[in-house]
Amino acid sequence: MDGLWMIALLLLIPLLLWTSSTFVFYFKKCFYVAWMMLLALFAIPLCILKSGGRDVENMRIIRGLVRHVKYFLGLRFDVSGWEHLQTEGPYVIISNHQSSLDVLGLMEILPDRCTMIAKKELIYAGTVGLVCWLGGIVFINRKKTNDAKNVMADAAKTMLDDQIRLWVFPEGTRNQRGGLLPFKKGAFHLAVQAQVPIIPIVFSSYSNFYLRKEKQFNSGTIRLKILPKIDTKGMTSDDISSLSDKSFNLMRSAFHSISDSVTQSNGPSRH
Ligand SMILES: CCCCCCCCCCCCCCCC(=O)SCCNC(=O)CCNC(=O)[C@H](O)C(C)(C)COP(=O)(O)OP(=O)(O)OC[C@H]1O[C@@H](n2cnc3c(N)ncnc32)[C@H](O)[C@@H]1OP(=O)(O)O
Ligand SMILES: CCCCCCCC/C=C\CCCCCCCC(=O)OC[C@@H](O)COP(=O)(O)O
């Protein structure tokens, strides 16, 4: 009898854990970090063999290795506006930033020769940090804004010299409070200095499947909307504010329209 109880308990515990949404939340989060770290460990020698070191071409390897991760987490991406990425030469991509999960959507649509601007702390994130460096990510120190501006001015030159595209999160930090945070200006200075177009990309709200406070991480669909490019030819630093405002307004309305439709199609979130 004791043995039967033991077996029943042994079967019940994992079942209870599995059905507990808090357990699923922590499990998925830990899995995500651990799996990305492991993938990065594989990516390091591949990148070094391919390019011998830091090179934007390594992003092809990173993109290829990351694309399956969504299946483990029960996430789907629904992308619209692919045609707007068929732009020749360098450009600046700007997108909203809700979570480190954005990396999955980013890798889903990442164009060739495109790397990112990231906070410098990311370089210390173990194997992931090293892969970011190998992928040519441009690191900025947000606490030393003059340094950050200089790094971004250099990046504007490199974009043109090496035909590189850069992905910037103009909110400057993660934001899951709904809507978009006011934009920082760096992305717009970058595009104007290099005289390259801006391609805005909007991720729909994660709030219908991922709730940090409530410890919910369900399955869900993320809509990614690629908006038409905004030309910056002939613009100067006087145009930065209007360029930023225009981009913000376009992205905010796209965010609300795709987030409403995704919430409806996924049904209300569980609480
Ligand atoms: C198999 C492998 C698995 C592993 C997997 C790998 C994953 C590989 C994916 C990783 C993915 C990474 C994802 C990271 C994501 C983040 O790390 S997000 C955080 C870092 N990114 C950012 O912060 C970018 C956005 N920030 C900016 O652009 C900010 O403007 C800056 C440059 C940091 C400056 O900060 P600030 O001074 O606070 O900003 P702001 O209020 O905009 O500017 C103040 C003044 O300076 C002026 N200014 C700003 N920028 C400039 C400029 N560049 N030039 C001249 N003047 C400027 C402004 O115009 C403004 O002047 P006024 O208009 O007031 O006169
Ligand atoms: C030392 C800090 C770095 C923390 C990284 C922890 C290890 C991550 C391991 C696996 C996740 C893979 C995806 C990594 C890319 C995450 C990029 C990211 O989302 O960085 C946060 C940054 O956009 C804004 O930071 P804050 O919201 O201002 O804070």
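Presented here is a report on the structure given in the accompanying data block. Along each chain, the written sequence defines residue order, and numbers are assigned to residues from 1. Each chain is given a letter, starting from A, and each ligand a number, starting from 1, according to the order in which they appear as written. Two thresholds apply to this predicted model, a pLDDT of at least 70 for residue-level local features and 80 or more for giving and counting side-chain atom pairs, whereas whole-chain, interface and lining totals are computed over all residues. Derived side-chain values reflect all non-hydrogen atoms in the structure, with water molecules and hydrogen atoms excluded from consideration.

## A word on the overall build of the protein
Alright, step 1. Put simply, DSSP H or I for four residues or longer makes a helix, DSSP E for two residues or longer makes a strand, and each gets a number counted from the N terminus. A count of helices and strands for the protein gives nine helices and nine strands.
Alright, step 2. Along the three orthogonal principal directions, the C-alpha set of the protein runs to about 80 × 45 × 35 Å.
Alright, step 3. In what follows, a contact means two residues having at least one pair of non-hydrogen atoms within 4.5 Å. Pairs at least 24 residues apart make up 78% of the contacts formed inside the protein by residues separated by at least 6 positions.
Alright, step 4. Here the protein displays about 14,000 Å² of accessible surface, and carbon together with sulfur accounts for 61% of that area.
Alright, step 5. Charged-residue counts in this description rest on Lys and Arg as positive and Asp and Glu as negative, His and the chain ends being excluded. Where a charge sits is defined by one atom per residue type, namely NZ (Lys), CZ (Arg), CG (Asp) or CD (Glu). Both charge centroids of the protein, one from 32 positive and one from 21 negative side chains, sit 5 Å from each other. A 1.4 Å probe and the Shrake-Rupley method give the accessible areas. Residues count as covered only by the protein chains that appear here.

## Observations regarding the site of ligand 2
Alright, step 1. In the neighbourhood of ligand 2, 15 residues make up the surrounding shell, with His97, Lys119, Arg142, Thr173 and Arg174 lying closest.
Alright, step 2. We define a polar contact as two N or O atoms separated by no more than 3.5 Å, with the added condition that, inside protein, one atom must be a possible hydrogen donor and the other a possible acceptor, whereas residues neighbouring each other in sequence contribute only through side-chain atom pairs. Between ligand 2 and lysine 119 there is a distance of 3.0 Å, counted from an oxygen atom to a side-chain nitrogen or oxygen.
Alright, step 3. Within the contact set of ligand 2, an oxygen atom lies 2.7 Å away from a side-chain nitrogen or oxygen of arginine 174.
Alright, step 4. In isolation ligand 2 exposes 740 Å². Once the protein is present, 74% of that is buried.
Alright, step 5. Side-chain classes are defined by residue name, with Ala, Val, Leu, Ile, Met, Phe, Trp, Tyr, Cys and Pro counting as nonpolar, Asp, Glu, Lys and Arg as charged, and the others, Gly among them, as polar. Here the residues of the shell around ligand 2 sort into eight nonpolar, three polar and four charged. To be near a molecule or strand, a residue needs just one of its heavy atoms within 4 Å of it.

## So, the site of ligand 1
Alright, step 1. Surveying the vicinity of ligand 1 reveals 30 residues, the closest of which are Lys119, Lys149, Lys185, Gly186 and His189.
Alright, step 2. In this structure, lysine 119 approaches ligand 1 through a main-chain N or O atom, which is 2.8 Å from an oxygen atom.
Alright, step 3. In the environment of ligand 1, an oxygen atom lies 3.0 Å from a nitrogen or oxygen atom belonging to the backbone of glycine 186.
Alright, step 4. Protein chains shield 78% of the accessible area of ligand 1, which is 1,300 Å² for the free molecule.

## Concerning the side chain of arginine 63
Alright, step 1. Mapped onto the fold, arginine 63 is located in helix 3 (residues 58-66).
Alright, step 2. Residue exposure (1.4 Å probe, protein chains only): buried if accessible area is under 20% of the type maximum, exposed if over 50%, otherwise partly exposed. With a relative accessible area of 15%, arginine 63 lands in the buried category.
Alright, step 3. Discounting residues that sit within four places of it in the chain, arginine 63 has contacts with Met107, Leu110, Pro111 and Asp112.

## As for the pairing of strand 9 (residues 220-226)
Alright, step 1. The buried count for strand 9 comes to five of seven residues, which makes it a mostly enclosed element.
Alright, step 2. In short, DSSP must find at least two bridges between two strands for them to pair. The pairing of strand 1 (residues 75-80) with strand 9 spans six bridges and is parallel. Residue pairing across strands places valine 79 opposite leucine 224, the latter belonging to strand 9.
Alright, step 3. Here strand 6 (residues 198-203) pairs with strand 9 via three bridges, running antiparallel. Along strand 9, the bridge assignment pairs phenylalanine 203 with leucine 224.

Function cannot be read off these values alone, since they describe shape.
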